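Commentary on secondary and tertiary structure
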Amino acid sequence: MFAIVEGRIDVASLISGAQRPDCGAISTFVGTTRVDETGGASVEHLEYEAYRPMADRKLEEIGAEIRMRWDVREVSIVHRIGRVDPGEASVVIVVAAPRRGAAFEASRYAIERIKQVVPIWKREVWSDGYVWVGSQVGTRS
Amino acid sequence: MDGIKVLLFGAAADRAGTRETQVEAGRITLDELWPLLLEHHPGLSPMRDTLAIAVNGEYARWDTPVSPGDEVAVLPPVSGG
């Protein structure tokens, strides 16, 4: 399953959906929103936007790349957009494989590829303005 | 006649002051499109070297030709995850 969603990601159902008798491992990566502080100001939440449907297609391509490289039987990637509060899941990757090595490696590969090629952007909304992560463009003074 | 549709995302939308615009032109390369875009959105200028660009939903090189009816997307460095 590859999806871009608004609202909370149901991690438990993604994991249970990946359980199969021919797999000995399910590796789950959960990316959560981290809050930084500088100079008395702090991040209040993060806001994600995506270029769709290109972003959806890129998630599917990452899944196809994983299946070419490793023996995996299930791959799910769900990325959340819109407002995400501190500590909540912004991305969840679940990989089921017969052997744990492939599951670990494939889930690591998925998050690294997401950060390279999927057209999704986040901005940190601070108490005194916002800044686009990676572009350092925003309204903070 | 339709122009070339240009979508802008993230910091590029901020710099341009819009998320979508049209460039009136015939068949031109993305390199040739860029200065036409800057005519109405000069704030984009300093971002040029950081940007990726897509045509009809797929990453493209700057020497790719585009035509009226195509969808060009201006993509700042992605920051998903």
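Note that residues are indexed from 1 along each chain, following the sequence as it is written. As a convention, the first chain written is A and the first ligand written is 1, with the rest following in written order. A pLDDT threshold of at least 70 governs which residues receive local features in this predicted model, and a stricter bar of 80 or more applies before side-chain atom pairs are shown or counted, although totals over entire chains, interfaces and linings include all residues.

1. Regarding the confidence of the model for chain B
The condition is simple: pLDDT expresses how confident the predictor is about each individual residue, on a scale running from 0 to 100.
In the predicted model, chain B carries a mean pLDDT of 96, and the fraction of residues at 70 or more is 99%. Both scores are available for the predicted complex, with the pTM at 0.95 and the ipTM at 0.95.

2. A short note on the nonpolar core
What counts, and what does not: Under the definition applied here, buried Ala, Val, Leu, Ile, Met, Phe, Trp, Tyr and Cys residues are grouped into a nonpolar core through C-beta atoms within 7 Å. Exposure criterion: with C-beta atoms placed from backbone coordinates, a residue whose C-beta has 20 or more other C-beta atoms within 10 Å is buried, one with 12 or fewer is exposed, and one in between is partly exposed. It is the C-beta atoms, placed from the backbone, that decide contacts: two residues are in contact if theirs lie within 7 Å.
In terms of nonpolar packing, the biggest core is built from 57 residues, with A:Val72, A:Val95 and B:Phe9 touching the most fellow members. Non-local contacts of A:Val72, meaning those with residues more than four positions away in its chain, are made with A:Ile66, A:Arg67, A:Val95, A:Ala96, A:Ala97, A:Ala102, A:Ala103 and A:Ala106.

3. Details of the pairing of strand E5 (residues 74-84) of chain A
Residues and elements named next belong to chain A. Where we set the bar: Helix and strand definitions here come from DSSP, where helices need a minimum of 4 consecutive H or I residues and strands a minimum of 2 consecutive E residues; each element is numbered from the N-terminal end. In this analysis, strands are considered paired if DSSP registers two or more bridges between them.
The element E5 is largely enclosed, with a buried count of 8 among its 11 residues. In this sheet, E5 lies alongside strand E1 (residues 2-6) in parallel orientation, the contact comprising 5 bridges. Its bridge partner being in E5, Ala-3 is matched across the sheet by Val-78. The sheet contact formed by strand E4 (residues 41-50) and E5 spans 3 bridges and is antiparallel. Within E5, the residue paired with Leu-46 across the bridge is Val-84. By the bridge criterion, 6 bridges tie E5 to strand E6 (residues 89-97) in an arrangement that is antiparallel. The partner of His-79 across the bridge, within E6, is Val-91. If you look at the hairpin formed by E5 and E6, you'll find 4 residues sitting between the two strands, and Gly-87 has a positive phi there, around 85°.

4. Focus on the packing of helix H2 (residues 54-69) of chain A against helix H3 (residues 100-117) of chain A
Residues and elements named next belong to chain A. Operational definition: Lines fitted to the C-alpha atoms define the axes, with helices restricted to the stretch that makes contact. Angles between their N-to-C directions range from 0 to 180 degrees. Crossings are sorted by hand: turned counterclockwise from the far helix by less than a right angle, the near helix makes the crossing left-handed, and turned clockwise it makes it right-handed.
Closest axis-to-axis distance for the H2/H3 pair is 10 Å, and the angle between their directions is 145°. Viewed along their axes, H2 and H3 form a crossing whose handedness is right-handed. Across from Lys-58, Ile-62, Glu-65 and Ile-66 in H2, the residues of H3 making contact are Ala-106, Tyr-109, Ala-110, Arg-113, Ile-114 and Val-117.

5. Side note on the sheet that holds strand E4 (residues 52-55) of chain B
Residues and elements named next belong to chain B. Spatially, E2-E1-E7-E4-E5 is the arrangement adopted by the 5 strands of the open sheet, whose pairing is mixed. Two strands close off the open sheet at either side, each with one partner strand: strand E2 (20-23) and strand E5 (58-59). In terms of strand pairing, E4 meets E5 through 2 bridges, oriented antiparallel. Within the sheet, the bridge partner assigned to Ala-54 lies in E5 and is Tyr-59.

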